[in-house]
Amino acid sequence: MEYHLSTPLSKEAVASLRAGDVVYITGVFIVARDKAHMRMAEYFKGQKELPFKLEGAVIFHGAPIVKKEGNEWKIVAIGPTTSARMSSLEPAVIEHGVAVIVGKGGMDNTVLKALHDYGAAYLSMTGGTAVMGARMVKKVLGLVWEDLGMSEAVWLLEVEDFGPLTVAMDSHMEDLYENVRRRVAENIKSMHL
Amino acid sequence: MSANMEDKLIEETVIALLRRAVATLPGDVLAALEASLLIERNPTAKRELSRILENVREARACMLPMCQDTGLPVFFARMGFTFPGFEEAVARGVRRATEDIPLRKNVVHPLTRENTGDNTGKGMPYICYSYEPSDYIELIVMPKGGGSENMSALAMLNPSSGIGGIKRFVLDTVVNAGGRPCPPIILGVGIGGTADECMALAKKALLRPVGSHSPDSSIARLEMEMLHAINATGIGPMGLGGDTTALAVHVEYACCHTASLPVAVNFQCYAARRARARIYRDGSVEIGGE
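Here is a short report on the structure shown in this document. (Residues numbered from 1 in each chain as written. Chains lettered and ligands numbered in written order. Predicted model: local features only at pLDDT ≥ 70, side-chain atom pairs only at ≥ 80, totals over all residues. Heavy atoms only, no water.)

Glancing now at the nonpolar core. Note that soluble globular proteins tend to have their nonpolar side chains buried in a common cluster. Among the nonpolar cores identified, the biggest contains 63 residues, and M40, F52, L54, I59, W145 and V154 of chain A together with L33 of chain B are the most heavily contacted of them. For F52 of chain A, the residues in contact, after removing those within four places along its chain, are I30, M40, V144, W145, V154 and L156 of chain A. Counting 32 residues, the second largest nonpolar core, distinct from the first, contains F60, I75, I78 and A134 of chain A. (Core = buried A, V, L, I, M, F, W, Y, C linked by side-chain atoms within 4.5 Å. Buried < 20%, exposed > 50% of the residue type's maximum accessible area, 1.4 Å probe, protein only. Contact = heavy atoms within 4.5 Å.)

Here it is as structure tokens:
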């Protein structure tokens, strides 16, 4: 199936996504990687309100190359970063209402369980495709936690028909990466090295 | 040529090399990606490969960085001659390229994690030297992305493990990496030497054109067998399944201690960016796409 969705994403829309489906998203992306996830964890712990809303939101694992033109930020290139690094910090983020995670390479079992428990999904973007990524960003809406440095700060982006994204881990405990890993383990067994 | 002119020449060449490397994939890598799309049977993998090719072509057409991770500044320098200030000139080129192209600022202190802000710092850019008498300096840049570099591995095997042990370690490392290093990958494998030399061999192996084979026939056979095994795993582009997991396996070797069998693996994502220049003593510069 192919879906064209808008943020904020509804529970129903996310529940209908199945591993292998293709998705395009219009709306707001919250770009957050390693340090931003660590800071979000601190905020949760101190019960401090985040400077952006997670309810029905999309978290994008990435860091853009940006350029300042006058007073406006322009995205030169943006693609996904390896999601696995954020695995231990993601369940808390999902618990706080995030509907969709976009990244590459997949995440661990604790994340899969959180996706299931809170009705969220993990979508894979083709790694490195940063020129195409930048084309789908219409506007930089905001820059948060600038002190983390440009590669680690949180960017709020307005995107249009951002995709194709592959549903890789859905809210029904289906995990494409795990399926591939299982097949790979089988394939290796029969190899004579 | 005065020392000042040499400095300036290196600096400008570094900028030109980085500009070329981040925006244009070498022809051999592009050809390997195109060939893999033709034989790939998995529909998801086909979509991933098409998307990759579309992005790579767009990047070249607009001269924009194909991936937002413009990597660490890694250089290979073959020095026919040298002059004081060479390293500082390379660093200045990296700093200016970071602002001009622009590149993403990736270089941080390993403990404080503080970003140096200009892609240089202690030990960065990383320059790997070799000496060969000539009237030029050959400079190759290989911007190295973090996702693939993070999957690097070294094993000090028992010599009795033999070729089977080498293959097993390489395959296990690739399977463990799964989709994280952005497959289809190019795999650099070092065999022999000391631990550090072995890892350097694995990285140097990534400089070879995709599709080339080791001149040593037993090593060339190992390369082909490992490529076949890796693609038979079914990991596929981005770890989503498929026939295309690696575009090439390149092995470089060195003799080692009779008690040792070091094996090193260095991953390269499909965006195998590199550019090469020759800077002649008379001030002329040749930039090859390679």
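Moving on, there is more to tell.
Moving on, we come to the sheet that holds strand 6 (residues 246–254) of chain B. All names here are of chain B. The strand order 4-7-5-6 describes an open sheet built from 4 strands, whose pairing is mixed. Of all the strands in the sheet, the pair left with one neighbour each is strand 4 (153–157) and strand 6. The average angle at which neighbouring strand axes cross in this sheet is 15°, direction not considered. With 5 bridges joining them, strand 4 and strand 7 (residues 261–268) adopt antiparallel strand pairing. From the neighbouring strand, M156 faces strand 7, where its bridge partner is P262. Where helix 6 (residues 162–177) meets the sheet, its contacts fall on strand 4, strand 5 (185–192) and strand 7, and the angle it forms with strand 7 comes to roughly 30°. Lying over the sheet, helix 8 (residues 217–232) contacts strand 5 and strand 6, oriented at roughly 145° with respect to strand 6. (Pairing = 2+ DSSP bridges. Helix = DSSP H or I, 4+ residues; strand = E, 2+ residues; numbered from the N terminus. Axes fitted to C-alpha atoms, helices over the stretch in contact; angles between N-to-C directions.)

The full count for this structure, using the stated rule, is 10 aromatic pairs over all chains. Geometrically, the ring pair formed by F60 of chain A and F162 of chain A is edge-to-face, given 5.8 Å between the ring centres and 75° between the ring planes. A residue pair is termed long-range when its members are at least 10 positions apart, and F60 of chain A in strand 3 (residues 58–60) and F162 of chain A in strand 9 (residues 154–169) qualify at 102 residues. Ring geometry for F86 of chain B against Y129 of chain B: centres 6.2 Å apart, planes inclined by 55°, an arrangement best described as tilted. Placement of the pair is F86 of chain B in helix 4 (residues 86–100) and Y129 of chain B in strand 2 (residues 126–131), with a sequence separation of 43 residues. Of the residues examined, Y129 of chain B reaches a relative accessible area of 38% and is grouped as partly exposed. Within the aromatic cluster, the residues linked to one another by ring pairs are F29, F60 and F162 of chain A. For K48 of chain A, the ring lying beneath its charged end belongs to Y43 of chain A, and the centroid distance is 4.4 Å. (Phe/Tyr/Trp six-rings, centres within 6.5 Å; stacked < 30°, edge-to-face > 60°. Lys NZ or Arg CZ within 6 Å of the ring centre and 35° of its normal.)

Residue and element names in this part refer to chain B. Spatially, the 5 strands line up as an open sheet ordered 2-1-3-8-9, and their pairing is mixed. Both edges of this open sheet fall to strand 2 and strand 9 (285–288), since each of them pairs with a single strand only. Pairs of neighbouring strands in the sheet enclose a mean axial angle of 15°, with direction left out of account. As judged from the 6 bridges shared by strand 1 (residues 74–79) and strand 2, these two strands associate in the parallel manner. Looking at the pairing, F75 lines up with I127 of strand 2. In the packing of helix 4 onto the sheet, the strands contacted are strand 1, strand 2 and strand 3 (136–141), and the crossing angle to strand 2 comes to about 140°.

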